Each structure stands twice: as structure tokens, then as C-alpha cells.
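Spelled out, the chains give:
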Amino acid sequence: MDIVIRAAVVFLFLWFITRVVGRSTLGELSSFQLIVFITMGDLVQQAVTQQDYSVTAAVLAVGTFAILTIAISWANARWRPAARLTHGLPVVVFADGEPALPVMRRERLSLDDFMAAARGQGITSFAQIRLAVLETNGQLSFITTQGPEAGAPEEPKPG
């Protein structure tokens, strides 16, 4: 039972850490961050099993993580406040032709990273962006303007 309790505590701690790290960081990890997260996995194993290398300890620890993951998914699907707590809410980071700099700063999203994501969607200037949303999964969604400046075909002129 001790392993189950330690696994539950570590699970909640890891969930908290991923929420603190932030969405934009989790969207694409740098090499260093990936190494840190892999190392965290080994440290978590040591904290959960405490020198107990038995198959039973491994099954209990992994089973606890799996049950908690399923429970959170179930709660998210049936109770909207749970989804807000565990995943957060999408955030508007660009609107009305201007980046929302205080929001971007709070989400630790730089203008360079924002424009790199925009270029990945074929957007080359702020003028093409009507709205940009930082989704709960760390990805940026862009709604572009319609018209010649956005690369849309020009309307035929009468006459």
C-alpha cells in the first residue's frame, strides 16, 4: 500500500510540474528539457519504489499511474471544471492586429516563437493574422484574414 500512496503523490507532483512549466514549453521541448524529463523519470522511479525492484512494486506503481490517468480523463469528460483544472483554458495571444504581450509574457511565449509557429502555417506577417489562440495542448491556432494580403485569390472586378 505504501507504493500506491507514493505513486499517487508523485503522480500529482508531476501533474503540478507540467502545469507550472506551461503550455508553450510543453508544445515543443528543447533537447535540454527532454533530457531533464527523462532524468525525472528515473528519479520518480526511485522515489516511488524505494529500492524495491520487484515485479509487484513495478506493477503497483504503473497501475497507480494508469488508474489516476484514467480517472482524470473520466472526470474531464464528465465535469467541465475538472478539464479546466487539469488542462487549463485556451488563451487568446493575438487579436485585432496586435499581439497580447502581457498574455504572451504570462504564458512565456516569445514573439520569435510566435512568428516561427505562424511561418509554419504559411503566415508571413502580422497583417495576415486576425486571431491567434494558444491551445491547452501548447499548439498555436491561427485565424487569418481574407483578402489579397493573406494570399487569397483576388475578387474579379466588375466591368
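The sections below set out a description of the structure shown in this document.

Rules of the game
Residues numbered from 1 in each chain as written. Predicted model: local features only at pLDDT ≥ 70, side-chain atom pairs only at ≥ 80, totals over all residues. Heavy atoms only, no water. Helix = DSSP H or I, 4+ residues; strand = E, 2+ residues; numbered from the N terminus. Buried < 20%, exposed > 50% of the residue type's maximum accessible area, 1.4 Å probe, protein only. Contact = heavy atoms within 4.5 Å. Salt bridge = Lys/Arg side-chain N within 4 Å of Asp/Glu carboxyl O.

**Quick word on the environment of alanine 117**
Then, in step 1: Among the structural elements, alanine 117 can be located in helix 7 (residues 111-120).
Then, in step 2: Accessibility expressed as a relative area gives 27% for alanine 117, which makes it partly exposed.
Then, in step 3: Placed 24 residues apart in sequence, alanine 117 and serine 141 show a C-alpha to C-alpha distance of 9.0 Å.
Then, in step 4: Setting aside its immediate chain neighbours within four residues, alanine 117 contacts Leu140 and Phe142.

**Looking at unusual backbone geometry**
Then, in step 1: The backbone phi angle of aspartate 96 is positive, close to 55 degrees, even though this residue is not glycine.
Then, in step 2: Its location among the elements puts aspartate 96 in the loop between strand 1 (91-95) and strand 2 (98-99).
Then, in step 3: The exposure class assigned to aspartate 96 is exposed, which follows from its relative accessible area of 74%.
Then, in step 4: Here the phi dihedral of arginine 108 falls at roughly 55 degrees; this positive angle occurs in a residue that is not glycine.
Then, in step 5: With respect to the helices and strands, arginine 108 occurs in the loop between helix 6 (101-106) and helix 7.

**A word on the pattern of salt bridges**
Then, in step 1: Taken as a whole, this structure holds 2 salt bridges when the rule is applied.
Then, in step 2: Residues aspartate 2 and arginine 6 are paired through a salt bridge, measuring 2.1 Å at the closest nitrogen-oxygen approach. Pair noted here: aspartate 2 and arginine 6 are both in helix 1 (residues 2-21), with a separation of 4 residues, about one helical turn.
Then, in step 3: Between glutamate 107 and arginine 106 there is a salt bridge, and its shortest N-O distance comes to 3.9 Å.

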